[in-house]
Amino acid sequence: MKRNTGMLMVAIFVCAVVFGTWAPTVAAADAITLKYANFPPAPTFPCVQMERWKTEVEKRTAGKVVVQTFPGGTLLDAKNMIDGVIAGTADIGCLSMAYQPGRFMVTNATSLPFGIPNAKVGSLVLWDLYEKYKPQEFAGVKVLAMFTTAPNNIMSKVAVKSLEDIKGLDLRASGGAAEVLSAWGANPVGMPMPETVEALQKGVVKGLFSSLEVMKDFKFAETCKYVTMTETSIYPFTVIMNIKSWESLPADVKKVFDDLRVEQSQWTGEYMDNHVKEAMEWSKTTQKVEVTTLSSEEKAKWNAKLQGLTEKWAAEAKGKGLAADQIIGDIKALVTKYSK
Ligand code: DTR
């Protein structure tokens, strides 16, 4: 009996390896262990992309690198992410630039209303922008990926069908998205995404402005029964690595990480776009969420309110010595290029 069981186990193992259903990544005794911090809960997209990166890295380095992941702010939270990575609390961290807009001026320019149609395009635009400018905001870290959310829409407890409806409405948003809400007359309330769950429950906010996959991932569809499609702006994200941890890596591992940068950025954009569709199907069918699409007449009124935002960002950026007009021109050209 014992012998049969043993034989069976061996047979299963051989089949799994031969047919590729299980690739053993046996960590070498002297494997390099890297701590990867993330701020939102495990099922959300920043953590899904983190697990995908871990899997790819462990596979492509054949166990030479082991990535320990820390979702849910267990190692670093949203606001101390970059400083924690610079200090070495984590080797790698996932950062939402919108939570410190003044610190990440260049990359946050992508959150202006430039009509980025989806997360795939947003991610490719953001990556190219980063590559061209190598902004000072990331001077102390190695950048491993850049990606954006899908466009932001309004999720709320009350129906929003006109500018009248949004006037004075307390909606959660950060960075560029908060500026958009202000321009529409809403009252933006800034806080990192994980805090929004409680804020909605307690009635501190009446809804939020974000990409729509959160309707499912944070179960916002249970409280926010209305979605207003604005498809206005995105949130930029990056994955950064402590510079000393990066420099201590052997050349072959560095190559694996470098080769993954654009691939991972695009993968995340595509994952996000597909997941938004899935989350909205779920929200409509199981949660009876009502979706409002603004008429083109109404949308024109909303768009008109946003005209000053880019100039406002440009004035601030110029004050910081940045080539604001060139950055804006590049983003617009990249959006056109990748939207084709
Ligand atoms: N709405 C932005 C970005 C964002 C979109 N989905 C998620 C999921 C988990 C964390 C952040 C986000 C924000 O609130 O930061």
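Scroll up for the structure.
Quick caveat: nothing in here was measured; it's all calculated off a predicted structure.

What counts, and where the lines are drawn
- Residues numbered from 1 in each chain as written.
- Predicted model: local features only at pLDDT ≥ 70, side-chain atom pairs only at ≥ 80, totals over all residues.
- Heavy atoms only, no water.
- Buried < 20%, exposed > 50% of the residue type's maximum accessible area, 1.4 Å probe, protein only.
- Helix = DSSP H or I, 4+ residues; strand = E, 2+ residues; numbered from the N terminus.
- Pairing = 2+ DSSP bridges.
- Axes fitted to C-alpha atoms, helices over the stretch in contact; angles between N-to-C directions.
- Contact = heavy atoms within 4.5 Å.
- Expected span 1.5 Å × (residues − 1).
- Near = heavy atom within 4 Å.
- Polar contact = N/O pair within 3.5 Å; in protein donor to acceptor, adjacent residues only side chain to side chain.
- Areas by Shrake-Rupley, 256 points an atom, 1.4 Å probe, with all protein chains shown as cover.
- Nonpolar A, V, L, I, M, F, W, Y, C, P; charged D, E, K, R; others polar.

S.K.: How should the pairing of strand β3 (residues 92-96) be read in this particular structure?
M.R.: In summary, the side chains of a regular strand alternate between the two faces of the sheet. β3 sits mainly inside the fold: five of its five residues count as buried. Alternating positions in β3 separate into two faces, I92, C94 and S96 on one and G93 and L95 on the other, with burial throughout. Of the pairings in the sheet, the one linking strand β1 (residues 32-37) to β3 comprises two bridges and is parallel in character. Following the sheet pairing, A37 is matched in β3 by G93. When β3 meets strand β10 (residues 236-242), the two strands line up antiparallel, connected through five bridges. When the sheet's bridge partners are listed, L95 is paired in β10 with T238.

S.K.: Explain the sheet that holds β3 to me, please; I cannot follow it from the model alone.
M.R.: The pairing of strands in a sheet happens through backbone hydrogen bonds and is either parallel or antiparallel. Taken in spatial order, the five strands of this open sheet run β2-β1-β3-β10-β4, and their pairing is mixed. Sheet topology places β2 (65-70) and β4 (141-148) at the edges, where each strand pairs with a single neighbour. With strand direction ignored, the average angle separating the axes of adjacent strands in the sheet is 20°. With respect to the sheet, helix α5 (residues 119-133) is in contact with β4 and β10, its orientation differing from that of β4 by roughly 150°. Here helix α11 (residues 251-287) sits on the sheet and contacts β1, β2, β4 and β10; the angle it forms with β4, its principal contact strand, is near 20°.

S.K.: It is not clear to me how the sheet that holds strand β7 (residues 187-189) should be interpreted in this structure. Could you clarify?
M.R.: Taking strand neighbours across the sheet as the criterion, the six strands line up as β7-β6-β8-β5-β9-β11 in an open arrangement whose pairing is mixed. The outermost strands of the open sheet, each flanked by one partner alone, are β7 and β11 (290-293). Adjacent strand axes in the sheet meet at a mean angle of 25°, parallel and antiparallel pairs treated alike. Bridging between strand β5 (residues 153-156) and strand β9 (residues 226-229) involves three bridges; their strand directions are antiparallel. When the sheet's bridge partners are listed, M155 is paired in β9 with V227. Lying over the sheet, helix α8 (residues 193-201) contacts β6 (170-172) and β8 (207-210), oriented at roughly 155° with respect to β8.

S.K.: Whenever I open this one, helix α2 (residues 45-60) confuses me. Can you help?
M.R.: The α-helix advances 3.6 residues per turn, and as a result positions three or four apart in sequence lie on the same side. For α2, which comprises 16 residues, the first-to-last C-alpha distance of 22 Å matches the rise-based estimate of 22 Å (1.5 Å per residue) to within 8%. Looking at α2, one finds that the buried residues are F45, P46, C47, Q49, M50, R52, W53, E56, V57 and E58. Count one or two residues on from α2 and you reach A62, which has phi positive near 50°.

S.K.: Can you walk me through the site of the ligand in this structure?
M.R.: Contacts to the ligand come from 17 residues, most closely from Y99, R172, S210, E213 and Y235. Taking E213, its side chain carries an N or O atom lying 2.6 Å from a nitrogen atom of the ligand. Its free accessible area being 340 Å², the ligand has 100% of it covered by the protein chains. A breakdown of the residues in the shell around the ligand according to their chemical character gives 10 nonpolar, five polar and two charged.

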